[in-house]
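Observations on the three-dimensional arrangement
This is what each chain is made of:
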Amino acid sequence: MLPNFNLLGYLDKDGERTAFLGLGDEIFIVKEGDSFGNEYLVSEITEELLIVMREDDIRQIKILLEKPNQ
């Protein structure tokens, strides 16, 4: 079973997006290309989506990035 990450927020700075993910009592601060939690990799961050891969698993974990209210 794939984990259900909670998107806590994200920050755009200097053309790079940083996301804050929660899983249980852990918080991960990640950017595209980052490995975290000893088994996960942020394979892509777009305007609308963050994609996480798990080592040795071809399935993707897709996290919708909601735009803040304007």
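As shown above, the structure is provided for reference.
None of these values were measured; they are calculated from a predicted model.

Soluble globular proteins tend to bury their nonpolar side chains together. Ranked by size, the top nonpolar core spans 14 residues in total, and within it Phe 5, Leu 21, Val 30, Phe 36, Leu 50, Val 52 and Ile 63 carry the most contacts. Broken down by secondary-structure element, the contributors of at least two residues to this core are strand S2 (16-23), strand S3 (26-30), strand S5 (40-45), strand S6 (49-54) and strand S7 (57-64). Looking at which element gives the most residues to this core, the answer is S5, with three residues.

Before going further, it helps to examine the pairing of S2. Here seven bridges tie strand S1 (residues 6-13) to S2, and the two strands are oriented antiparallel to one another. From the neighbouring strand, Gly 9 faces S2, where its bridge partner is Phe 20. A loop of two residues connects S1 with S2, the two strands running antiparallel in sequence, and Asp 14 in this loop sits at a positive phi of about 55°. Pairing analysis gives five bridges linking S2 to S3, with the strands arranged antiparallel. When the bridges of S3 are listed, Gly 22 appears paired with Ile 27. In this antiparallel pair of consecutive strands, S2 and S3, the connection spans two residues, and Gly 24 shows a positive phi of 60°.

As a further point, take the pattern of salt bridges. If charged atoms from side chains of opposite charge come close, those side chains can pair. For the structure on display, the rule yields four salt bridges. Measuring nitrogen to oxygen at the nearest pair gives 3.3 Å for the salt bridge that ties Lys 31 to Glu 16. Of the two residues, Lys 31 sits in the loop between S3 and strand S4 (35-36) while Glu 16 sits in strand S2, which places them 15 residues apart along the sequence. The exposure class of Lys 31 is partly exposed, given its relative accessible area of 31%. With a closest N to O distance of 3.0 Å, Glu 39 and Arg 54 form a salt bridge.

Moving on, we get to a nonpolar patch on the surface. Together, Leu 8, Ile 27 and Ile 29 make up an exposed nonpolar region whose accessible area comes to about 330 Å². Here Ile 29 shows up in strand S3.

Here three strands make up an open sheet; going across it, the order is S1-S2-S3 and the pairing antiparallel. Strand pairing shows two members of the sheet lacking a second neighbour, S1 and S3, which therefore form its edges. Mean inter-strand twist for the sheet, computed between neighbouring axes without regard to direction, equals 15°.

Quick notes on the rules
For every chain, the first residue of its written sequence is number 1, and the numbers climb from 1 along that sequence. Under the rules for a predicted model, residues below a pLDDT of 70 receive no local features and side-chain atom pairs below 80 are neither given nor counted, while totals for whole chains, interfaces and linings still include all residues. With hydrogens and water stripped out, all remaining heavy atoms of the structure feed into the side-chain values. Residues grouped as a nonpolar core are buried Ala, Val, Leu, Ile, Met, Phe, Trp, Tyr and Cys residues, joined through side-chain atoms within 4.5 Å. Residue exposure (1.4 Å probe, protein chains only): buried if accessible area is under 20% of the type maximum, exposed if over 50%, otherwise partly exposed. Helix numbering and strand numbering both begin at the N terminus, where a helix is a DSSP run of H or I of at least 4 residues and a strand a DSSP run of E of at least 2. Any two strands with at least two DSSP-identified bridges between them are counted as paired. Salt bridges are counted wherever a side-chain nitrogen of Lys or Arg sits within 4 Å of a carboxyl oxygen of Asp or Glu. Every patch collects residues that have over 30% relative accessible area and no salt bridge, joining them within 9 Å if they carry like charges and within 5 Å if they are nonpolar side chains (Val, Leu, Ile, Met, Phe, Trp, Tyr). What sets the accessible areas is the Shrake-Rupley method with a 1.4 Å probe; for residues, cover comes only from the shown protein chains. Fitting a line to C-alpha atoms yields each axis, with helices limited to the stretch in contact; the angle taken between N-to-C directions then spans 0 to 180 degrees.

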